[in-house]
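# Close look at the chain arrangement
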Amino acid sequence: MKKLLIAALIASCFYSCATKDQVVYFNDVQELEGQVNLLDYEPKIEKNDVLRINVSSSSINPEIVAPFQMNQQGGGQSSGGGGGQNLSLTGYLVSPEGTINFPVLGTIEVKGLTRTEIQETLENQIADYVRDPVVDVRIVNFSITVLGEVGSPGRVQITDGRITLPELLAMSGDVRYTGKRENIRVIREVDGVKSVGFINMTETDLFNSPYFYLKQNDIVYVEPTYARMKSAGFFGSPGAILGLVSSVLGLILIFAR
């Protein structure tokens, strides 16, 4: 009986306590030495994205690019919503066909392109009208939802259109000690098809994962540890657990006779 109780206590400790490798990030960080990041990542534009596009020129007359600017008073496309909408949220809504309606140039295909590719396309076409045009493209609705065991769960707005999972976790207050660092889920939707990726923050393999760089509208979920779920009552009250353990030990003693 004494041996059974000791074994149960030891098993309980191992089951409920986290090890160093489960808490510390990048345990095999030495393997990153000399590794070159070959992925020059930029997110690709998808339908229903909202783009803010600004056109400028080296000309001393700023009015020369006025025909290529969206009419902020309602003459262009917008990201939706009613009157009084913040102008910072105004932009070109990518249609289900993957196009935007751009002033002077008309319909422009943007779906599947990066911001840099769109900038180059517009600059080449505007160059027929304006000398040395400069185009800046931003994804207005680039945001990611963070849920679960992080310091500040919620929706995070990304301004530069490029973010990694470690950067997002830092912006969200990092993973709590009650969260599973080795099993972070990234839920992604591309062209209406959902996929789920799993990231282990304790190993450096995450740097080679297609989910290392996050996309617009990704959902990141940090699962709670067993101890966290147990404290929340998902596994019954302490009395119920003690009763279950007592029953199991009783059965062991009966069949051991």
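Relevant structure appears above.
Here the structure is a predicted model, which means the values were calculated and not measured.

It is worth spelling out the sheet that holds strand 8 (residues 184–190) at this point. Across the sheet, which stays open at both edges, the five strands sit in the order 7-6-10-8-9 with mixed pairing between neighbours. Lying at the two open borders of the sheet, with one neighbouring strand each, are strand 7 (154–157) and strand 9 (193–199). Neighbour-to-neighbour, the strand axes of the sheet open up by a mean angle of 20 degrees, direction not taken into account. Sheet topology places strand 6 (residues 143–148) next to strand 10 (residues 219–222); four bridges connect them, and they run parallel. Among the inter-strand pairings, L147 is bridged to a residue of strand 10, identified as Y221.

All told, the structure shown has eight salt bridges when counted by the stated rule. The shortest N-O distance in the salt bridge between D218 and R188 comes to 2.8 Å. With D218 in the loop between strand 9 and strand 10 and R188 in strand 8, this residue pair connects regions lying 30 residues apart in the sequence. Just as D218 is buried, R188 falls in that class too. One salt bridge in this structure joins E189 and K194, with 3.0 Å as the shortest N-O distance. The partly exposed category is assigned to E189, whose relative accessible area is 39%.

With that settled, consider the pairing of strand 1 (residues 50–57). Note that strand 1 and strand 2 (residues 92–93) share two bridges and pair antiparallel. Considered in strand 2, the bridge of V50 is made with L93. The pairing of strand 1 with strand 5 (residues 133–139) spans seven bridges and is antiparallel. The residue bridging S56 from the neighbouring strand is V134, located in strand 5.

A word on the nonpolar core. Counting 44 residues, the largest nonpolar core has L51, I53, F102, L122, I126 and I184 as its most contacted members. Residue assignment for this core shows that the elements contributing at least two residues are strand 1, strand 3 (99–102), helix 3 (115–126), strand 5, strand 6, helix 4 (165–171), strand 8 and strand 10. In contact with F102, other than residues within four places in its own chain, are I53, V55, F68, Y92, I108, L122 and I126.

Conventions and cut-offs
Residues numbered from 1 in each chain as written. Predicted model: local features only at pLDDT ≥ 70, side-chain atom pairs only at ≥ 80, totals over all residues. Heavy atoms only, no water. Pairing = 2+ DSSP bridges. Helix = DSSP H or I, 4+ residues; strand = E, 2+ residues; numbered from the N terminus. Axes fitted to C-alpha atoms, helices over the stretch in contact; angles between N-to-C directions. Salt bridge = Lys/Arg side-chain N within 4 Å of Asp/Glu carboxyl O. Buried < 20%, exposed > 50% of the residue type's maximum accessible area, 1.4 Å probe, protein only. Core = buried A, V, L, I, M, F, W, Y, C linked by side-chain atoms within 4.5 Å. Contact = heavy atoms within 4.5 Å.

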